[in-house]
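# Overview (structure and organization)
The lines below spell out each chain.
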Amino acid sequence: MPDVFVNYRTGDEESAATMIARELIHRFGAERIFFASNSIEPGRRFPVELVRAVEECEALLAVIGPRWAEMRGADGRPALEAEQDWTRREIQTALERGVLVIPVLVGKATRIDRAVLPDDLLELADCQYRRFDHRNAESDLTALGDTLARLLPELGAVDRDARAVRERAEAKPREKPARDTEHTRMRTRDVRGGIGNLNGDLSGTFVNEPQGPVNTGRGHQYNAPHFEGDNTRVQFTAGDNSGTVHQRFEREPRHSDNGR
């Protein structure tokens with residue numbers, strides 16, 4: 001059973017109707033969108049299939065271009081005035097059954113003039129419409145699809161665009177830890193020998209390519225030169241893996257000016 005019936009008039013913006021149907025089929029699936037030239041199989045009875053589809057659909061899109069009310073029938077009269085005009089009959093059936101009818105005004109088509117409508121289509125002029133312009137085809141098609149997905153819950157449940165958005169949103173949290181891990185690995189790899197602290201992603205003391213024993217805790221580090229002592233004696237200690245050198249310096253006490 002189709003959810004959306006695409007109604008159009010032959011000779012008036014058939015290309016726009018085709019683009020709309022193609023986009024909706026891509027987004028919601030062929031079984032959800034009725035477009036006469038695609039949906040009626042060879043050998044099927046045309047009138048029966050059209051009526052059945054209109055009666056079963058949830059929404060009808062009436063694609064209306066600048067020539068929609070001007071097209072003439074074989075007798076030379078406006079086609080819209082003929083009771084057997086299929087464009088008119090499809091819209092009339094949808095209105096009578098309470099189906100959601102959305103006029104889609106194409107290009108330079110203006111708001112529907114009630115004066116050109118037969119009595120059984122007057123309600124069409126009161127329906128809120130959407131616009132479609134070939135110059136803004138992508139955004140207009142997206143907006144139309146979004147509207148249908150919002151108004152028809154069953155259609156929204158199979159919306160491939162919405163599913164793609166959800167999948168992209170769900171993929172982001174999975175990608176972030178991988179990026180953070182790679183970022184940390186690169187920062188660690190960029191460190192060249194030494195002792196210090198990293199802030200940000202890493203915390204604590206790091207030692208890269210040490211030479212000899214290293215003390216990373218409290219107290220003296222004995223493989224690097226250091227001084228210890230008081231005001232009178234200073235001991236200098238230095239060394240590496242092969243040995244340690246100790247040297248003591250004695251400092252003469254300083255005398256004050258008063259001789260004490």
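Up top is the structure.
Every value quoted in this text rests on a predicted model; they were computed, and no experiment measured them. (Residues numbered from 1 in each chain as written. Predicted model: local features only at pLDDT ≥ 70, side-chain atom pairs only at ≥ 80, totals over all residues. Heavy atoms only, no water.)

With six of its six residues buried, strand β3 (residues 59–64) lies for the most part within the structure. Judged by which residues are buried, β3 turns out to be covered on both faces: A59, L61 and V63 on one side and L60, A62 and I64 on the other are all buried. In the sheet, β3 pairs with strand β4 (residues 100–106) via six bridges, with the strands oriented parallel. Bridge pairing in β4 places I64 opposite L105. Since β3 and β4 lie parallel, the crossover through helix α4 (residues 86–96) that links them has a hand, and here it is right-handed. (Buried < 20%, exposed > 50% of the residue type's maximum accessible area, 1.4 Å probe, protein only. Helix = DSSP H or I, 4+ residues; strand = E, 2+ residues; numbered from the N terminus. Pairing = 2+ DSSP bridges. Right-handed = clockwise from strand over helix to strand, strands pointing away.)

This paragraph deals with the packing of aromatic side chains. Tallying each qualifying case throughout the model produces three aromatic pairs. Against the face of W68 rests R9, its NZ or CZ located 6.0 Å from the ring centre. Positioned above the aromatic ring of W86 is the side chain of R89, whose terminal nitrogen or guanidinium carbon lies 4.0 Å from the ring centre. (Phe/Tyr/Trp six-rings, centres within 6.5 Å; stacked < 30°, edge-to-face > 60°. Lys NZ or Arg CZ within 6 Å of the ring centre and 35° of its normal.)

We now examine the environment of R130. Mapped onto the secondary structure, R130 falls in strand β5 (residues 130–132). The exposure class assigned to R130 is partly exposed, which follows from its relative accessible area of 31%. For R130 and V63, which are 67 residues apart along the polypeptide, the C-alpha to C-alpha distance reads 9.6 Å. Dropping the residues within four chain positions of it, R130 is found in contact with I102, P103, V104, L105, L144, T147 and R150. (Contact = heavy atoms within 4.5 Å.)

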